[in-house]
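Below, each chain spelled out in residue letters.
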Amino acid sequence: MKLKLPPAIQADLMLLTATILWGSSYLFMIAGLHDLDAFNLIALRFGIAFLLAGGVFVKSLAAGGMMPFLTSCLPGFLLCAAFAAVSFGLKTTSASKAGFLVGLTVIFVPVLSALFHRKLPGVKSALATLIAFGGITLLTWREGIRIDRGALLCMLAALLYALYLILNGRIVKKETALPFGIWQFGWCFGAALLFSILLEKPELPATAESWGAVLALGIFCSAAGFLLQTKAQVTASPTHVTILFSLEPVFTALFAYLFKGEMLSRRGLIGAGLILLAVLISEFTPEKKAEKTDLK
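Presented here is a report on the structure given in the accompanying data block.

Each value, and the rule that gives it
Residues numbered from 1 in each chain as written. Predicted model: local features only at pLDDT ≥ 70, side-chain atom pairs only at ≥ 80, totals over all residues. Heavy atoms only, no water. Phe/Tyr/Trp six-rings, centres within 6.5 Å; stacked < 30°, edge-to-face > 60°. Helix = DSSP H or I, 4+ residues; strand = E, 2+ residues; numbered from the N terminus. Buried < 20%, exposed > 50% of the residue type's maximum accessible area, 1.4 Å probe, protein only. Core = buried A, V, L, I, M, F, W, Y, C linked by side-chain atoms within 4.5 Å. Contact = heavy atoms within 4.5 Å.

### Regarding the packing of aromatic side chains
Using the criterion set out here, one finds 14 aromatic pairs in the structure. Aromatic pair phenylalanine 39 and phenylalanine 88: ring centres 5.5 Å apart, planes at 55 degrees, arrangement tilted. One end of the pair, phenylalanine 39, is in helix H2 (residues 38-56); the other, phenylalanine 88, is in helix H5 (residues 73-89), with 49 residues separating them in the sequence. With relative accessibility at 8%, the residue phenylalanine 39 sits in the buried group. The class of phenylalanine 88 is partly exposed, set by a relative accessible area of 27%. An angle of 75 degrees between the planes, with centres 6.4 Å apart, marks the rings of tyrosine 164 and phenylalanine 226 as edge-to-face. Residue tyrosine 164 is found in helix H9 (residues 149-171), and its partner phenylalanine 226 is found in helix H11 (residues 208-232); the two are separated by 62 residues along the sequence. Tyrosine 164 gets classed as buried once you look at its relative accessible area, which sits at 0%. Feature note: the residues Trp22, Phe46, Phe83, Tyr161, Tyr164, Phe185 and Phe226 constitute an aromatic cluster, connected by ring pairs.

### Examining the nonpolar core
Counting 64 residues, the largest nonpolar core has Phe46, Leu79, Tyr161, Phe185 and Phe226 as the members making the most contacts within it. Per-element accounting of this core gives the leading share, nine residues, to H2. When neighbours within four sequence positions are excluded, tyrosine 161 is seen to be in contact with Trp22, Leu79, Ala82, Thr105, Phe226, Gln229 and Phe245. Ranked by size, the runner-up nonpolar core spans eleven residues in total, among them Val86, Leu104, Phe133 and Ala151.

If you want it as structure tokens, here you go:
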């Protein structure tokens, strides 16, 4: 007798796996950006993701028809823009500040969702979001507040990714989730390649380390991670998705410790604990009915 998990638990496991994969992506991005420009790296990782996922799931891609191809265009462009913004932001601001600012996605998603739906978020979602944001702040913020060009680009990345998650949640359907996710890779690859040709000098990685980083980003962090996220969003709300994704800095810190010997400070450990608390609140406490008040 096969054990079949409820759809909500299946979605959470998919999101948790994607979050673990993305927690490792920073190490690969640092290695890849040593030899490649930003759009070049984005084009390579999503080109690999598109070819791999499209080849493995070619029947699903063909069966999906034209609708997933068309509806995935805007999410694909938003995905490319978000990655580009944070990549260029990292050139003029620190990684810790960038991590905090990109973490604003946790706040942007429920705020934008409330505005779009003209409804207030539920108490549980609002509380978990605020606690998660506080945890991200403690885990990643190590500098004084100073808004520079890089910081603005990282905030833009958070906004773009929030819009991407909300749009994904509105468009994706159970029967077309897989081709919808795969075509996003294609659109993101095409946009990044175009900008790389116009603004950079496209090239292939020159070292084994860079190739390893690009392949890991393309296969695991892009193909596997984003397909899991898209599949999970069939049943999970964008706000719930961002709460689980707030675990990403925790896994990033863990990988940094395992592979680079970096230790979390006491404040960082408290921040990680707050993020875990937010996930527990989101997962295991009953939700009061969301407020039906129209925001008119």
